Amino acid sequence: MKTKILLPLICMAISIFTASCSSDDIVSPETKEQMLTLTVSAGTEDEAVATRAELVEAEGSKSPWKWETGDKLMLVITNAGQKTVHTLTLKSPAKRGGLSGEFEGQVPANRITNTSTYRFFYVGKTTNGSADRTISASDLSAGNINIDLTQQTGNLADLKRNCVLTGEGKVVVSGNKATTEGSIILKNLFAVAHFAITANDNTAITKVGLRGKGVYASANVDLSTGAVTGVSEIGTEIDPEENIFFPDGKKDFYVTFVPGNVAPAFDGYYADSYTSVITTAPETRNYDAEKSFVYYNGAKAKFSVSATQQVAFTNGNMQYVMPIATYTYTMNAKTLDANKLIRWKKEVPLKLKSTRTVHAGYYRLAPEQWKMAIPKQVKAGTNYDYATIKIGNDTYISPEKYRYFDTPSWGNMNNPTLISKYNFKYNGEGVDTENDFGNMLYVGSQKTRVLTTDEWGFLLPNNMTLTQNEKDRKERNNELNNERFWVSFERNRYYFTARWARCFIDENGDSKRGTNPAELRGYLIFPDDMTLDEAKNVFTNDTKVKFGNDSRVYDNPTSYEKIKNSGAVFIPLTAYRAAGTKTLVQWGNHGNYFASSYRRQGILHLKFTETGFSNPEASGWGQGCMSRLVQNY
């Protein structure tokens, strides 16, 4: 008996699928293993079902779906905990002008239990459409396949790149042949919607971005159940680097969604999206404390910066997110079901009239302690020229080229990408709280700030060896801070080991710093309460590790995971931007970080290098440095 597999409209609305999908068997049968020939027929539904706003995927005999030579169905079998995949290939030629076809393949007899139910998949094309998608051995081991949703073209014909169909059927064995019993309906596991966007004032839209709650970068399809789980939500912020984009100029498009609660927002970019708002004043933002600080033993890590003050460090350098103007349409949340096509009516998209919206710039924390907006160079010590734009007589870092910028000039808090002129000067000596970037970045509804030069010096002392008399004298003179040292007593001497060390991130695990690409160097600063043994565990090889001014970058390999899970603060060697210029200098060699202290006419900063750090250093007027923010306890 041959079974009819009913194919819904999506992959019919998918209509114009042109090429085929394929996968080789993952487990090859032994030469002498008994095989069954499994034959399945696939066709289209006979009746059309339609409503005003939603079409169940069926158009009966008028469906434009056509099977193509080479198309394949995948049979996934789980037996004794082991998954295998077996391929059923379309027998040529297809029938009814390609609307139905016969699929056939060899399946090991010992994998099939008579009258048991098994799951079939149609897995479509790879993301770029250049090849058939496969179900690999690693997919079987993981129990799912991953579908990339970030490269959607919006074309009806390309939906098969995001299309996964599945259905179950009972297999009946007769001799060395097998068929399925009854009809199998293959249903798309995703939801699809058809949109068209225009500006409400008829401004020409050059490209369209997608973001929103419930919008995902990819999805996992469970090979046992067919369940779909979204992976890596795109987020609700407009972000030219992270949002999903359709090809430039495309304003009528089909979108594949993970089923569930979805509230999409569409951003139509236009010719002046970037330049028209570059001088817009940044917004003050408030961030969740649980996600914004370095944590040690479940609490914000404490670092003494004076005899009476402790601070918590943010878990990434400060970055400026540039302003953008778009024609935006934000939709209300809607629960989208799998196997549904959402549109206004047959062949008519949902029409979106978008309104010009200014998305002001704001300050944020880098997503990880080692992340920088600076393009990563292949060799430390190189320089990098930012792309810039000119508006009138002023030069700005290009907001179209970069979304994030992390070397603004002190005093340019409200116009941080301006680099062509700088008239900000001090008189005398003191601490500038008015122009501190932390004024614009709150965590847990409390202001943040940068450290003063005195606080940096207190935080990062040098190692010391003292006699009892020297120790007593320094304590009486309040020159010794035990919170920033590990103290030991050996051979009639007190050894004060500073709670910081130079290091490098060993990406390939060979304990040797690579230079092409350059493995990032930096400083690890350990919390007041961390023990010396705990600090040693932050390194991947603690046989030669030293701390404080005795430490050597190349002797102290660490890893991303060890930093992330340690409670230590990582200060990466980054670069600095020379005063009033677009050039980043000495990438990966100099970690220049602003302090809030000023002297004479300029703000001060610290210079971290692989061999030492200089505190304080004078900044040229308009120099751009990194900023690591803290918050007082």
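Before reading on, note that the structure itself is shown above.
Structural notes, computed from the coordinates.

Description of the overall build of the chain
Across its full length, the chain carries seven helices and 49 strands. Every one of the 633 residues in the chain was classed for burial, and the buried ones make up 54%. In the chain, 74% of the contacts between residues at least 6 apart in sequence involve partners at least 24 apart. As displayed, the chain has an accessible area near 26800 Å², and 45% of this comes from carbon and sulfur atoms.

Some thoughts on the nonpolar core
Ranked by internal contacts, the top residues of the largest apolar core, which has 74 residues, are Phe313, Trp456, Leu459, Leu524, Ile525, Phe526 and Phe608. What Phe608 contacts, discounting residues up to four positions off in sequence, is Trp456, Leu460, Tyr523, Ile571, Leu573, Asn589, His590, Gly591, Tyr593 and Phe613. One finds Ala199, Ile244, Phe246 and Val262 within the second-largest nonpolar core, a separate group that totals 26 residues.

Focus: the environment of Phe120
Here Phe120 lies in strand 7 (residues 117–122). Remark: the alpha-carbon pair of Phe120 and Leu73, spanning 47 residues in sequence, is separated by 6.6 Å. Once you skip the residues sitting within four places of it in the chain, Phe120 turns out to touch Leu38, Val40, Met74, Leu75, Leu88, Leu165, Thr166, Gly167, Gly169, Thr180, Ile184 and Leu186.

Quick word on the sheet that holds strand 44 (residues 576–577)
Pairing within the open sheet is antiparallel, and its three strands lie in the order 30-45-44. The open sheet is flanked by strand 30 (384–385) and strand 44, the only strands paired with a single partner. Alignment of strand 44 against strand 45 (residues 583–585), held across two bridges, turns out to be antiparallel. Bridge pairing links Arg577 to Leu584 in strand 45.

A look at the sheet that holds strand 35 (residues 441–443)
Read across the sheet, three strands follow the order 19-35-36 without closing on themselves; strand pairing throughout is mixed. At either margin of the open sheet sits one strand with a lone partner, and together these are strand 19 (285–287) and strand 36 (446–447). Pairing geometry for strand 19 and strand 35, over three bridges, is parallel. By the bridge assignment for strand 35, Arg285 is matched with Leu441.

Regarding unusual backbone geometry
The omega torsion of the bond from Asn615 to Pro616 falls at 0°, within 30 degrees of zero and hence cis. Inspection of the secondary structure puts Pro616 in strand 48 (residues 613–618). One non-glycine residue, Asn297, lies in positive phi territory at about 50°. Relative to the assigned elements, Asn297 resides in the loop between strand 20 (295–296) and strand 21 (299–300).

Here we look at the pattern of salt bridges
Considering all chains together, one arrives at 18 salt bridges under this definition. The salt bridge involving Glu168 is made with Arg119; its shortest N-O contact spans 3.2 Å. Here Arg119 lies in strand 7 and Glu168 lies in strand 9 (residues 165–174), a separation of 49 residues in the sequence. Here Arg285 ties to Glu237 by a salt bridge, and the two come within 2.7 Å at their closest N and O atoms. Remark: Glu237 occurs in the loop between strand 15 (228–235) and strand 16 (244–245) and Arg285 occurs in strand 19; sequence separation between them is 48 residues. Judged by relative accessible area, which is 18%, Arg285 ranks as buried. Here the salt bridges do not stand alone but share partners, grouping Glu237, Glu283 and Arg285 into one network.

Looking at the pairing of strand 4 (residues 72–79)
Most of strand 4 sits out of view: six of its eight residues are buried. Summarising the sheet, strand 4 and strand 7 pair through three bridges and their orientation is antiparallel. Residue pairing for strand 7: Val76 is matched across the bridge by Arg119.

What about the side chain of Thr395?
Turning to its location among the elements, Thr395 is positioned in strand 32 (residues 394–397). A relative accessible area of 19% places Thr395 in the buried class. Those residues in contact with Thr395 that sit more than four places away from it in its chain are Thr388, Ile389, Lys390, Thr417, Leu418, Ile419 and Ser420.

Digging into the pairing of strand 25 (residues 324–330)
Of all seven residues making up strand 25, five are buried, and the element is well covered by its neighbours. The pairing of strand 18 (residues 260–269) with strand 25 spans four bridges and is classified as antiparallel. Among the inter-strand pairings, Gly268 is bridged to a residue of strand 25, identified as Tyr327. Across five bridges, strand 25 lies against strand 28 (residues 350–359) in antiparallel orientation. Its bridge partner being in strand 28, Tyr327 is matched across the sheet by Arg356.

Some remarks on the packing of aromatic side chains
Scanning all chains against the criterion turns up 34 aromatic pairs. A centroid spacing of 4.5 Å and a plane angle of 15° characterise the contact between Phe246 and Phe253, whose relative ring orientation is stacked. Ring centres of Phe489 and Tyr494 lie 4.6 Å apart, and the angle between their planes is 55°; on these two criteria the pair is classed as tilted. According to the relative accessible area criterion, Tyr494 is buried, its value standing at 16%. Three or more aromatic residues joined by ring pairs form one cluster here, namely Phe303, Phe313, Trp456, Trp500, Tyr523, Tyr593, Phe608 and Phe613. The ring of Tyr269 has Lys207 lying over it, and the distance from NZ or CZ to the ring centre is 4.9 Å. The ring of Tyr404 has Arg364 sitting right over it, with the charged end atom 3.8 Å from the ring centre.

Criteria and thresholds
Residues numbered from 1 in each chain as written. Predicted model: local features only at pLDDT ≥ 70, side-chain atom pairs only at ≥ 80, totals over all residues. Heavy atoms only, no water. Helix = DSSP H or I, 4+ residues; strand = E, 2+ residues; numbered from the N terminus. Buried < 20%, exposed > 50% of the residue type's maximum accessible area, 1.4 Å probe, protein only. Contact = heavy atoms within 4.5 Å. Areas by Shrake-Rupley, 256 points an atom, 1.4 Å probe, with all protein chains shown as cover. Core = buried A, V, L, I, M, F, W, Y, C linked by side-chain atoms within 4.5 Å. Pairing = 2+ DSSP bridges. Salt bridge = Lys/Arg side-chain N within 4 Å of Asp/Glu carboxyl O. Phe/Tyr/Trp six-rings, centres within 6.5 Å; stacked < 30°, edge-to-face > 60°. Lys NZ or Arg CZ within 6 Å of the ring centre and 35° of its normal.

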